[in-house]
Amino acid sequence: MNTKEPQRKNLYDVLSERGFIEQVTDEDIRRIIGEGPVVCYIGFDPTATSLHVGSLVPIMALAHAQRNGHRPIALVGGGTALIGDPSGKTEMRQILSPDQVRANAQALKKQLSNYISFEAGGAVLLNNADWLEPLNYIEFLRDIGRHFSVNRMLAAESYRMRLETGLNFIEFNYMLLQAYDFWYLFRHHGCLLQMGGNDQWGNIVAGIDLIRRLEGKQAYGVTFPLITTALGTKMGKTERGTIWLNGALTTPHEYYQYWVNTDDADVERFLKLFTFLPMDEIAKAGTLRGAELNMAKSVLAFEATRVTHGEEAARAAWRAAAATFGLRPVDQAFMPSSGIPRGQQEADTSAIPSMVKKREVFERGVAAFELFQEVKLCSSRGEARRLIEQGGGYVNDYQIRLFDEKIGMEHVTDRGEILLRKGKKTYFRIIVE
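As the structure is a computational prediction, the values presented were derived from the model and not from experiment. (Residues numbered from 1 in each chain as written. Predicted model: local features only at pLDDT ≥ 70, side-chain atom pairs only at ≥ 80, totals over all residues. Heavy atoms only, no water.)

(A) The arrangement of the sheet that holds strand β14 (residues 417-422) in detail. With respect to topology, 5 strands assemble into an open sheet ordered β9-β15-β14-β11-β12, the strand pairing being mixed. The two strands at the open ends of the sheet, each matched to only one other strand, are β9 (354-357) and β12 (398-399). Summarising the sheet, β14 and strand β15 (residues 426-432) pair through 6 bridges and their orientation is antiparallel. Residue pairing for β15: I418 is matched across the bridge by I430. (Pairing = 2+ DSSP bridges. Helix = DSSP H or I, 4+ residues; strand = E, 2+ residues; numbered from the N terminus.)

And the structure:
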């Protein structure tokens, strides 16, 4: 019997196959990572008391690094937040007071511990205010500033973008400070790799160059793609506002609903990025349709909620959805590594107003706005059209994108039902015979 543990994958390969990698500063990074544990870091901007869904890609990258034997540093930018990063911004960020930044930094430290372990020998949690605030400005300009070419800085995309609307001197210093962070972590913590969003490319390259100039050694960088949905919207932004990782700002139930409403085209990609499920199970999602694809969305919602809010909160969110929408448990053979509840009784939907319709109607397909008017969820087709166009129409808890989207047999659940919803609380059940 072979008791040898399976060989871990190279972290670079893990990140690459899951869709995390956009650019690398040196193709040699795969070999460097594969030779043994490295220290890597990502910075998080404490401009609010919570991170949001848009921050999940870097958070998950650090989690994968730790799971694959590397040591992550989560750097809270308590010092750089006093200036503001111009990267990806068309106007200057609002400058926060030192007290606001310190309070936000403390909140983010606690939040990040939900994803990576900071126990002894594990990840390291640092705040760059600890070394940036004591800096002597004259010494900084003399020892660090002299290594930066203004022409090269202005060629960076983050600065080029801002030159059209106005780049002030405070923001112009940001690249120097982030480069100094990388050098400081390299010097004091042996950090070899910085990761971040693709808008951080110029800052990462500047840090690598500073390390080469001051230490005569090589460091590396990896950037992630800036994630948008299949509809072109920014991750974590909905018609109701930002989806926060703090359960007091976005409840676990709302968080679950955000993921379960994922567009069909995004399911496989988001399973790769935002869950730890094995790749061979996730690969199935690209071939799924109808009820099976809806099961995959339930798995995505459950796993994403479990990662952020824990097992108990994820189960409670799943049960709430099941009680409301009459969802059946996910098949035991479907993505078996998921912890989604299985084998439970179907929820009772008999109290929801209903009507019986013939199977032939849905074999032909019926426009969503016509169906909403027919079952009296809306008083007219015009009202139904406006409701759906404004994002208030749902079928089986999935948001209807187009007012004339066809509701067909693929929407019929295993119970032989279609559940329509108007807004947050008004339901109608169609029994298909």
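Next comes the rest of the description.
(B) Molecular detail of helix α3 (residues 56-67). Between its first and last C-alpha, α3 extends 16 Å over 12 residues, near the 16 Å set by a 1.5 Å rise per residue. Where burial is concerned, most of α3 is hidden: 10 out of the 12 residues are buried. Every buried residue of α3 is listed here: L56, V57, P58, I59, M60, A61, L62, A63, H64 and A65. Positioned one or two residues after α3, G69 has a phi angle of 90°, which is positive. (Expected span 1.5 Å × (residues − 1). Buried < 20%, exposed > 50% of the residue type's maximum accessible area, 1.4 Å probe, protein only.)

(C) Just the packing of helix α13 (residues 267-274) against helix α15 (residues 290-309), in detail. Taken N-terminus to C-terminus, the directions of α13 and α15 make an angle of 25°; their axes are 10 Å apart at the nearest point. Comparing their axes, α15 and α13 come out roughly parallel. In the packing of α13 onto α15, the handedness of the crossing is left-handed. Together, V267, F270, L271 and F274 of α13 and L293, A296, K297, V299, L300, A304 and V307 of α15 make up the contact between the two elements. Taken together, the residues of the contact of α13 with α15 break down into 10 nonpolar, no polar and 1 charged. (Axes fitted to C-alpha atoms, helices over the stretch in contact; angles between N-to-C directions. Parallel < 35°, antiparallel > 145°, perpendicular 65-115°, else oblique. Left-handed = near helix turned anticlockwise from the far one by under 90°. Contact = heavy atoms within 4.5 Å. Nonpolar A, V, L, I, M, F, W, Y, C, P; charged D, E, K, R; others polar.)

(D) Region of interest: the environment of F118. Here F118 shows up in the loop between α4 (98-112) and β4 (124-127). F118 gets classed as partly exposed once you look at its relative accessible area, which sits at 25%. Measuring from C-alpha to C-alpha, the distance between F118 and P72 comes to 9.4 Å, with 46 residues separating the pair along the chain. For F118, the contacting residues outside a window of four places in its chain are A74, L112, S113, A123, V124 and L125.

(E) The arrangement of the pattern of salt bridges in detail. One pass over the full model with this rule turns up 19 salt bridges. The partner of K297 in a salt bridge is D264, with the nearest N and O atoms 2.5 Å apart. One end of the pair, K297, is in helix α15; the other, D264, is in the loop between α12 (252-260) and α13, and 33 residues separate them in sequence. The class for K297 is buried, based on a relative accessible area of 4%. Here D264 falls in the partly exposed class, since its relative accessible area comes to 46%. Each member of the salt-bridge network shares a partner with another, and the members are E303, R306, E311 and R315. (Salt bridge = Lys/Arg side-chain N within 4 Å of Asp/Glu carboxyl O.)

(F) Expanded view of the packing of helix α10 (residues 174-189) against helix α11 (residues 201-215). For the pair α10 and α11, interaxial distance at closest approach is 8 Å and the crossing angle is 55°. In terms of orientation, α10 lies oblique with respect to α11. Remark: the crossing between α10 and α11 carries right-handed chirality. Each of Y174, M175, Q178, A179, Y180, F182, W183, F186 and R187 in α10 lies in contact with α11, whose residues at this interface are G202, N203, I204, A206, G207, I208, L210, I211, L214 and E215.

(G) Representation of the nonpolar core within the structure. Among the nonpolar cores identified, the biggest contains 72 residues, and V53, M195, W259 and L271 are the most heavily contacted of them. Looking at this core, the element that brings in the most residues is α15, giving 9 residues. Every residue in contact with W259, bar those within four places of it in the chain, is listed here: V53, L56, M235, F270, F274, K297, L300, A301 and A304. If you look at the next biggest cluster of nonpolar residues, it comprises 27 residues, including F148, L176, A179 and I211. (Core = buried A, V, L, I, M, F, W, Y, C linked by side-chain atoms within 4.5 Å.)

(H) Local environment of the packing of aromatic side chains. According to the stated counting rule, one finds 10 aromatic pairs in the structure shown. Residues Y180 and W183 carry aromatic rings whose centres are separated by 5.3 Å and whose planes lie at 50° to one another, so their mutual orientation is tilted. One end of the pair is Y180 and the other is W183, both in helix α10 and 3 residues apart, which spans about a single turn. Considered together, Y180 and W183 belong to a single accessibility category, that of buried residues. Within the aromatic cluster, the residues linked to one another by ring pairs are Y255, Y258, W259, F270 and F274. The residue whose ring lies beneath R385 is F403, and the NZ or CZ to ring-centre distance is 3.9 Å. (Phe/Tyr/Trp six-rings, centres within 6.5 Å; stacked < 30°, edge-to-face > 60°. Lys NZ or Arg CZ within 6 Å of the ring centre and 35° of its normal.)

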